[in-house]
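One letter stands for each residue in the lines below.
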Amino acid sequence: MRGEVMWPRLVASKLLKKTLGSNNFVADIPGNTNSFLDLPTLDLEPVPSPKIVLTDHHDTRKFKVFVSTWNVGGVAPTEDINIDELLDTCNTTCDIYVLGFQEVVPLKASNVLGPDKKKISMKWNSLVRKALNKKSYSPYNKSNSLSKKQQLVTKGKKSDMESGMIQPEFRCVVSKQMVGIMISVWVRSDLLPFFRNPSVSCVGCGIMGCLGNKGSVSVRFQFHETSFCFVCCHLASGGREGDERTRNSNAAEILSRTCFPTTMGPSLDLPKKILDHEYVRFTLYCQCF
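Treat the numbers as computed from the prediction; the structure is a model and nothing was measured.

Quick notes on the rules
- Residues numbered from 1 in each chain as written.
- Predicted model: local features only at pLDDT ≥ 70, side-chain atom pairs only at ≥ 80, totals over all residues.
- Heavy atoms only, no water.
- Helix = DSSP H or I, 4+ residues; strand = E, 2+ residues; numbered from the N terminus.
- Contact = heavy atoms within 4.5 Å.
- Areas by Shrake-Rupley, 256 points an atom, 1.4 Å probe, with all protein chains shown as cover.
- Buried < 20%, exposed > 50% of the residue type's maximum accessible area, 1.4 Å probe, protein only.
- Phe/Tyr/Trp six-rings, centres within 6.5 Å; stacked < 30°, edge-to-face > 60°.
- Lys NZ or Arg CZ within 6 Å of the ring centre and 35° of its normal.

Novice: How should I be thinking about the overall build of the protein in this particular structure?
Specialist: A count of helical and extended segments in the protein gives six helices and ten strands. The contacts of the protein with a sequence gap of at least 6 include a subset with a gap of at least 24, amounting to 72%. When the accessible surface of the protein is split by element, carbon and sulfur atoms take 54% of a total near 15700 Å².

Printed below as a string of structure tokens:
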């Protein structure tokens, strides 16, 4: 049975020459060579790179994480689309935003078998950037500054960030697209020094059990001392008898085949599998009627 499952994947890989699930992703963190060079920005100020001192003191801090998903039905975003309601920016401001999208491109053969259309994901990220950074944030609150475990080392006067001269903006730290599935992670700029080791893993469960019209894009990262994993899924559709078994099979494939690359360096024994992370969230869509 295992040979029967693997054979179509090998055929698809060899004949279609379609490589799914590369570990590359884009971000606009300074110094990342895969940044959104073509993406319209709001001329954000550079993020300071404070020195960090680690001590043996351990404490617990609370952060707000916003997670949402949207099947956009293969419709490209227009310039005047308003996603403020999706992000709920009028009512609340979070520290991290994780957005999953399905069908950012129509699931036709040319899109499934051809290269990913990166301009579509860039358009969505541009809209997210404008929505998140539209609001004027209150000055940086000292009570929310770094814990005793991680302190800013400054000489003389307080840093601009501490004194409230620079207000935190949101930066895209990971964005990854596989066919119509896309995930995008945004973090407040003053928290970037504590965001480390991002990586992605893609699993195709669609045509021949391997192509990316169905499947998942997963993101793993470490924030402070906690490992996070977010999985954006698009499972098999259908409300007929037996369709639920296909969706369950998709979910099992995603859990078993998702594997993050090894993180090099001392004391960086980060999990490789989804459920081994400390904080796991799924954003999924399946049409069941």
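From this point, the narrative continues.
Novice: Looking at this structure, how should I read unusual backbone geometry?
Specialist: Negative phi is the rule for most residues except glycine; trans is the rule for most peptide bonds. Of note in the backbone geometry, N197 takes a positive phi value of approximately 55 degrees without being a glycine. Mapping N197 onto the fold places it in strand β7 (residues 195-204). One non-glycine residue, H224, lies in the positive phi region at around 55 degrees. By the secondary structure assignment, H224 is in the loop between β8 (215-223) and β9 (226-234). Owing to a relative accessible area of 11%, H224 belongs among the buried residues under this scheme.

Novice: Sorry if this is basic, but what is going on with the packing of aromatic side chains here?
Specialist: For any pair of aromatic rings, the description consists of the separation of the ring centres together with the inter-plane angle of the planes. Considering all chains together, one arrives at twelve aromatic pairs under this definition. With a centroid separation of 5.2 Å and an interplanar angle of 40 degrees, the aromatic rings of F66 and Y97 are classed as tilted. You can see F66 sitting in strand β2 (residues 65-71) and its partner Y97 sitting in strand β3 (residues 96-102), a full 31 residues away along the chain. The exposure classification of F66 matches that of Y97, with both residues buried. Measuring from ring centre to ring centre gives 5.2 Å for Y97 and F170, while their planes differ by 85 degrees; the resulting arrangement is edge-to-face. Pair noted here: Y97 is in strand β3 and F170 is in strand β5 (residues 170-178), with a separation of 73 residues, a long-range link. Judged by relative accessible area, which is 1%, Y97 ranks as buried. In this structure F170 comes out as buried when scored by relative accessible area, which is 0%. Through pairs of rings, three or more aromatic residues link up here, namely F63, F195, F221, F223, F228, F230 and Y279. Over the aromatic face of Y279 sits the side chain of R281, whose NZ or CZ is 4.5 Å from the ring centroid.

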